[in-house]
Structure formats: C-alpha cells, structure tokens
Amino acid sequence: MPTRAQVAVAELLAAKEMVLVCGSGGTGKTTIAAALGARAAATVGGRVLVLTVDPARRLATALGVGQFGNTEVRVPDEAFAAAGVKPRGEMWVAMLDTKAGWDELVRRHAPDAKLREQVLANPLYRNITSRFVHSHDYIAMERLHELHASGSYDLVIIDTPPSRNALDLLDAPGRMRDFFGSRLLRWLTVPYRSRLFTMASKPFYQVADRVLGSRFLQDIAEFFILFQAMEPGFVARAKEVERLLTDQRTTFVIVSTLEAAPAHEARFLAEALASRHMSLGALVLNRTLPASIRASSATKAANELRDVADGARLTKQLAKDSAGSVDPAASPSEVRDVLIEIAERFHDTAIVAAREADRRRELAAVAPIIVDTPTMRDDIHDIAGLLELGAYLL
Amino acid sequence: MPGLLDRSLLFVTGKGGVGKTTVAAALAESAVRQGRRTLVCEMDAKGALANAFDVGDLEFEPTEIRPDLFAMAMNTEDSLREYLRLFVRIPFVGRIGPLARTFDFVADAAPGVKEILAVGKLCYEVRERHYDLVVVDAEASGHIVAQIAAPSAIRELVQVGLVRDQTDWMIDILSDPARTGLVVVTTPEEMPVTETIELLDRVKVETSVDIAAVVANRVLPSLFSEREAEVFAALSKAIPQEELQAATSRQLATVFDAAELAEARWRIGSGHLARLRDALDDHLPMLFVPELFTKAVGRRVVAQVAESLEAELD
C-alpha cells in the first residue's frame, strides 16, 4: 500500500510538467531525479525526460544508454524489461553540457553569421562563459525552457547543477537580465578611446586601469561589444526563463539527507522558494534509517540480545542450528561474539536514527509532502535499482 | 616532505556535504594544540565554519575565538578595499563606493578576479607571517581549481598593471610544497570518491599546488570479520526460530536489520575506499576519520575529528 505521501508525489508528477530537483551536493540528487523519472515513466506514463548534470558512469549504464550527451536519448524498453517492468510511458535522458548550451545560445541570438563566428572564436568567450554569472545555472534553466517549449515531453525532470549557493540557481535568469542592462556593460562597451578621453578623470576608471591594466580591460570590452549585439534576444529569453520558474506547471523537489549541513541548506532553500513564490512540491529525505530503529522496543530487544548472548544453552543451540547454513558450523563462542556485536552496535545506529528524527521534525513544516528513501544496500546499477528506489518515492 | 601541519597554507576542499568545513576546523584546532598560531578562513560565507566553532557570524576581520585560533569569512569586496589601501594607496575607502557597486559585475565578467582577491589575501597573510598556519575552508571540488590556479590564469590574461605584478609572489607561495598544500576530503561513497580522483588529476595538470593529503571522512567501522559475516548470515536465518524469539522481544528483527544495514553500508564504503587508494600516488597520505556516533554538533564534533586526525598524523 502506498503511503499518503507517495500518493501525493504521484499526483504531483501527474499534475506538473517541470520538476526541478535541487538540494545540496552529496545528497543523491542525481539518483533521486533518475528514480523519479524511471518510476514516473513506469507508473504514471507519458513521455518523461530526465535532464541530468553529471551522472556517475554507473548511472548512465543503469539507464542502459551507455554515454549520453546534450541530445535526448530514449531509455530502451529492454532496460525496463530486464527489471520485469513494462513501462506505461517512455523514459528519455539527456545531459547538460554547459559549453554546448552557450554555443547554442550564441547561434540563436547572434544577429548575423559574422558576429556569431566572432563571438565563438573570441578567446575570452570560453573562459568567460565557463565561469561567468553562474553560467551552469543559467544554462540549466535555459535548457529546461527549451525542452519544455519543444512540446515533446509530458514531464521534464531536471537535476540541477551543484551550486555554491542554492539561490544562484533561482536568481540566474534575473542576473542574466540585469547584466545586460547594467551600467558596467555599457561602460565597457563604449569605444575604448572615447572612454579614456571622456571618463579618464573619474576615480573608478583610474583605479580599474591601474589595477587590471588597460590592455585587459580593452580585451574584455571587445568581447562585450560583440556580446551586446545579442542583447535583445538574450534579455527576452532570460525573462521567459525567469517566468518559467514561477509557472503553475513548475514545481521544485528538494533532496536532502538528515545530516546537519544538507538539512540546514534544505530549510534555507525552502524559505527562499517561498519568498520567490516558487512552488515547493515535495521534500525527499534520502538515506534515512527506518523509523523502527528508534522504537524503544528495538533498543529493549538489543539489550535483551546482549544479555542472552552469554547464555551457554542458547549459543550452543544456535551453533548447532547453524550447521546447514555455514560451513564449518559456528562454534558457541563465535555465535556469542556475533550476537554481542549485533547488540552493541545497534546502539550506534539508534543514535544516528535519533539524530535524524530531530532534524526530520525541524524540516517537517517546510514542505507539503515529505517522503523518506532508505540507504540502498547496493549502489544502483540498473533500471531495477532505480525503480526500487523510485517505489519509495511514489 | 613536511608534516601536514608544518606548512603555512592549507586549502581544504571536497565535494559538497562530505564534511570539508569540519575537517578544516579540526586541522586548525590540531595546529593550535601544537602551539601554532592559526587562522582559519571560510571562503563561501555560508556560515558553516561559524557553526563548527559554535560562534556568531564571522567577518573579514579575523576573530580570535580562543588563544591563537583566529577565524574569518572571506569577502572579496573587503579584500579589494584592503588591497587598494595597501598596494594602490587609495586612502579614502569611501571614495570607492561606485567601484564597490559595480565590482561584482567586473568580478563576474573578468575571470579570476574574485578568486585572485581571495587567494591574494590568504597568500598575503602567509607572506607577512601574521600566522604560523592559514587553513582555508576552500571552495568545493568543482571550483577549487579555478581558485588556486587564479594567479597563473591572471598572469596569462593580464599583460600589465599592478595585479600582474602581484601574481609572481603568490605563485611562489602556492607552488612551494614546503609552504602550501591541498587537502581533499571525501566520504566512502561513489560520487565523492569519483570526484576526488578526477579532482586530483586536474590539480596535477592545471595547477602547481602540492596535494598534501586525502581525508576519508565518516568511515564506518567494520562489524564482522569474513567468518563472522557468514555466522551472522546463518544466525539471521535463525531469527524466526523459537530459541531467539523466546529469549528476546519481537523487535529482534529490527536489531538484525540494523546490523545488516550497517554491514552493507560498510561493505559498499570499503569498496569505494579501495578504489580511491588504488588511484592515489603511493606516497600520498590518506587519513581516516571515523563516523561519529554522537548527537553532538559543532565544537564537540570538531574536537573529536581533530583527535582522529592527530592519531592518523602520528
């Protein structure tokens, strides 16, 4: 029986067209995004695309697609068949390639072929696009927009880039827009000579020239003069991308573990979404320990186990029973050692479970839906693994 | 090869969420215990370092949080002000108001400017010998190369000007293994280990900074020897049996499940650690910090991690 939260996640994925999966690094965001996609394709149906940033090679293998890149590829039905599942819909995957994404933007917005080639050939272009104004974040949003606008998918799930700050992602389109409207850009793109002539007396430019050297400023200026020609297209597009984030069809899923730092970041992110009128659909708490570990009856059982482990009659009996399962059969003292280890180490796990429960309570208020996913006993290496994880989600 | 804490500048990096800040704080703590005047600096201003030390928000101006342990938060704008005051001799900081406002844009647009202001400040503290050791809670592994390679990158891009002149001494400090080292923190998990291996390759190719150590954080203890694991598997089958059920309460299955889970996590983790060790140069120290089974956060955790690191460094 699915839990109420799992039903709610299934409804969320059925109702929304774009899902942005975010959260701090190391929480299993990429895997959760893929599991959501696989499970949605299998049970909700429709054409589901998972756009991922930097999948582990094993994940690519898991999806049965070997390498995948900027272009979407379909996860073959055989990969689902191997897991004993006939999906109701289709699962597609693509990877976010920032460099290719920028080149594509330049191609689209450059007013003519000459300018396009000049920008693409500019030595500063690559350097700047790979570092400039949270470039990955903007390209991720841009790709989401593009894929959604293509009308080819019922659901696009995007695994967001690891940001230094989660807000960078949300603010990337706005920053892009602001950048093109900034006085700095206008100043940089004033022809260099006249700038020197008219503005040389102003302290800012003096300082900038002294610190950075005029040649460097000139190089930058040349690049931005080229770039500015693309302004109208870029600004209009950034506005559309920005709108997409607050669109009714868009929702966010935050992935966190119950460790201190990711949980802190998750709460911060949830508040940031709320203040920007962006919809937080669900919070996924990944790699949580089962609630049963916290039960006082379990601690009691561990204590009892510790006590009975010293009972000679019991260990002798268990040692005898083990004959069929382990060769050579366990000795009573081996049984005792293992039972004691199990019992004593249970308390370590229970402390972690209690720590997790505290953080879970702190996070409970921030999201309408909270689902827990366990630590998987093996690394996920096939669709079956993704579907198994996905079954905890919806 | 100098001891880790005998260097003057340590950059601590790692994939987000692996405990980079805790390890940076613990290294600083250990250095202070060895009598070294230490500055620890948080680069991304998220406040994690302040949380680790249980102190209020950190500023650009270092706070002495206990004798000989200083902490600061990097802020490139303040760093720029300090730089202008020290090197360009612009006396009236107020007059750079418009500069500060547009600074973010220049810094975003001009590759390496923010990074060099940050790294420059750290190198400056080393050069002036204000501290025996500067520990940097640096950018996460995705951004660290851009940070530590900034002086070289700027050197290539900027042909003249003060900034270029300043890069030479920074590069001297950064490329001297007796003074500067990079510490990469990971956890025994797939992505952090893979990222660590990739990062080490990039650091070797793209920077001149010496890799000082790899720290494996939150390493789980092994429950069983191979033989014990077999006995455990046999006993697991015995849970439904009367002997155990009669002797304990019905939650026994949970206790066995927890052991199985812990064992599985340990097994997966050791696989990743073995893969990491194989990929590392033989001489590169790998330091193990165990998972802490405690409810504590902050200072207490830093102290425990510091103890583990000290034991590993001995």
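Definitions and cut-offs
- Residues numbered from 1 in each chain as written.
- Chains lettered and ligands numbered in written order.
- Predicted model: local features only at pLDDT ≥ 70, side-chain atom pairs only at ≥ 80, totals over all residues.
- Heavy atoms only, no water.
- Helix = DSSP H or I, 4+ residues; strand = E, 2+ residues; numbered from the N terminus.
- Buried < 20%, exposed > 50% of the residue type's maximum accessible area, 1.4 Å probe, protein only.
- Areas by Shrake-Rupley, 256 points an atom, 1.4 Å probe, with all protein chains shown as cover.
- Contact = heavy atoms within 4.5 Å.
- pLDDT = per-residue confidence, 0-100.
- Pairing = 2+ DSSP bridges.
- Phe/Tyr/Trp six-rings, centres within 6.5 Å; stacked < 30°, edge-to-face > 60°.
- Core = buried A, V, L, I, M, F, W, Y, C linked by side-chain atoms within 4.5 Å.
- Axes fitted to C-alpha atoms, helices over the stretch in contact; angles between N-to-C directions.
- Right-handed = clockwise from strand over helix to strand, strands pointing away.
- Parallel < 35°, antiparallel > 145°, perpendicular 65-115°, else oblique.

## Some thoughts on the overall build of chain A
When helices and strands are tallied, chain A shows 19 helices and eight strands. Counting over 394 residues, chain A shows a buried share of 53%. Total accessible area on chain A stands at roughly 16800 Å², and carbon and sulfur atoms take up 51% of it.

## Quick notes on the overall build of chain B
When helices and strands are tallied, chain B shows 13 helices and eight strands. The buried share of chain B, reckoned over its 314 residues, is 57%. Of all intrachain contacts in chain B linking residues separated by at least 6 positions in sequence, the fraction that spans at least 24 positions is 74%. Of the roughly 12700 Å² of accessible surface on chain B, 49% is carried by carbon and sulfur atoms.

## Re the confidence of the model for chain B
Chain-level statistics for chain B give a pLDDT mean of 87 and a share of 90% at 70 or above. Interface confidence for the predicted complex, expressed as ipTM, amounts to 0.77; the pTM equals 0.80.

## Examining the pairing of strand 1 (residues 18-22) of chain A
All names here are of chain A. Of all five residues making up strand 1, five are buried, and the element is well covered by its neighbours. Residues M18, L20 and C22 point to one face of strand 1 and V19 and V21 to the other, with burial holding for every one of them. As defined by bridge partners, strand 1 adjoins strand 5 (residues 155-159) across four bridges and the pair is classed as parallel. Its bridge partner being in strand 5, M18 is matched across the sheet by V156. Note that strand 1 and strand 6 (residues 250-256) share five bridges and pair parallel. By the bridge assignment for strand 6, C22 is matched with I254.

## Thoughts on the packing of aromatic side chains
All names here are of chain B. With the rule as written, the count across this model stands at five aromatic pairs over all chains. Pairing F232 with F256 gives two aromatic rings, centres 5.8 Å apart and planes at 10°, and the pair type is stacked. Placement of the pair is F232 in helix 10 (residues 226-238) and F256 in helix 12 (residues 252-279), with a sequence separation of 24 residues. What makes F256 buried here is its relative accessible area of 2%.

## Regarding the nonpolar core
In this structure, L170, F227, F252 and I254 of chain A together with L9, F11 and L122 of chain B are the most contacted members of the largest nonpolar core, which totals 114 residues. No other element matches helix 5 (residues 113-127) of chain B, which puts nine residues into this core. Among residues more than four places away in sequence, those in contact with L122 of chain B are L9, F11, C41, M43, M74, V134 and V136 of chain B. A41, L59, I157 and V371 of chain A belong to the second-largest nonpolar core, a separate cluster that totals 45 residues.

## Looking at the environment of A302 of chain A
In this structure, A302 of chain A sits in helix 16 (residues 296-308). Those residues within four positions of A302 of chain A in sequence are excluded, and the remaining contacts are A343, F346 and H347 of chain A together with V255 of chain B.

## Some details on unusual backbone geometry
Backbone torsion omega between D327 of chain A and P328 of chain A reads -5°, so that peptide bond is classified as cis. In this model, R218 of chain B sits at a positive phi of 55°, which is unusual for a non-glycine residue. In this structure, R218 of chain B sits in strand 7 (residues 211-219). The partly exposed category is assigned to R218 of chain B, whose relative accessible area is 22%.

## A look at the sheet that holds strand 7 (residues 280-288) of chain A
Residue and element names in this part refer to chain A. Read from one edge of the open sheet, eight strands run 3-4-2-5-1-6-7-8, paired in mixed fashion. One side of each edge strand has no neighbouring strand; the edge strands of this open sheet are strand 3 (73-74) and strand 8 (370-374). Here strand 3 runs beside strand 4 (residues 90-95); their pairing, made up of two bridges, is antiparallel. Bridging from a neighbouring strand, V73 pairs with V93 of strand 4. Where helix 18 (residues 332-363) meets the sheet, its contacts fall on strand 7 and strand 8, and the angle it forms with strand 7 comes to roughly 175°.

## A look at the sheet that holds strand 8 (residues 286-290) of chain B
Residues and elements named next belong to chain B. Strand order in the open sheet formed by eight strands is 3-4-2-5-1-6-7-8, with mixed pairing between adjacent strands. A single partner strand is all that each edge strand has here, and the edge strands are strand 3 (63-66) and strand 8. Pairwise comparison of adjacent strand axes, ignoring direction, gives a mean angle of 25° for this sheet. Summarising the sheet, strand 1 (residues 9-14) and strand 5 (residues 133-137) pair through four bridges and their orientation is parallel. The residue bridging V12 from the neighbouring strand is D137, located in strand 5. Those strands touched by helix 9 (residues 190-206) are strand 1, strand 6 (180-186) and strand 7, and its axis lies near 160° from that of strand 6. Each of strand 3, strand 7 and strand 8 touches helix 13 (residues 299-313); the most contacted strand, strand 8, lies at about 140° to it.

## Some thoughts on the environment of P290 of chain A
When you line up the elements, P290 of chain A lands in the loop between strand 7 and helix 16. Here the alpha-carbon distance between P290 of chain A and P374 of chain A, two residues 84 residues apart in the chain, equals 7.1 Å.

## Comments concerning the pairing of strand 6 of chain A
It is a general feature of regular strands that their side chains alternate between the two faces of the sheet. Residue and element names in this part refer to chain A. Counted residue by residue, strand 6 has seven buried out of seven residues, so it is predominantly covered. Side chains of strand 6 alternate between two faces, with T250, F252, I254 and S256 and T251, V253 and V255 buried alike. Pairing geometry for strand 6 and strand 7, over five bridges, is parallel. Its bridge partner being in strand 7, I254 is matched across the sheet by L283. Following the backbone out of strand 6, through helix 15 (residues 260-275) and into the adjacent parallel strand 7, one traces a crossover that is right-handed.

## What about the packing of helix 1 (residues 4-15) of chain A against helix 2 (residues 29-44) of chain A?
Residue and element names in this part refer to chain A. At a closest axis distance of 11 Å, the pairing of helix 1 and helix 2 adopts a crossing angle of 85°. Judged by the inter-axis angle, helix 1 sits roughly perpendicular to helix 2. Of the residues in helix 2, those in contact with V9, A10, L13 and A14 of helix 1 are L36, A40 and V44.

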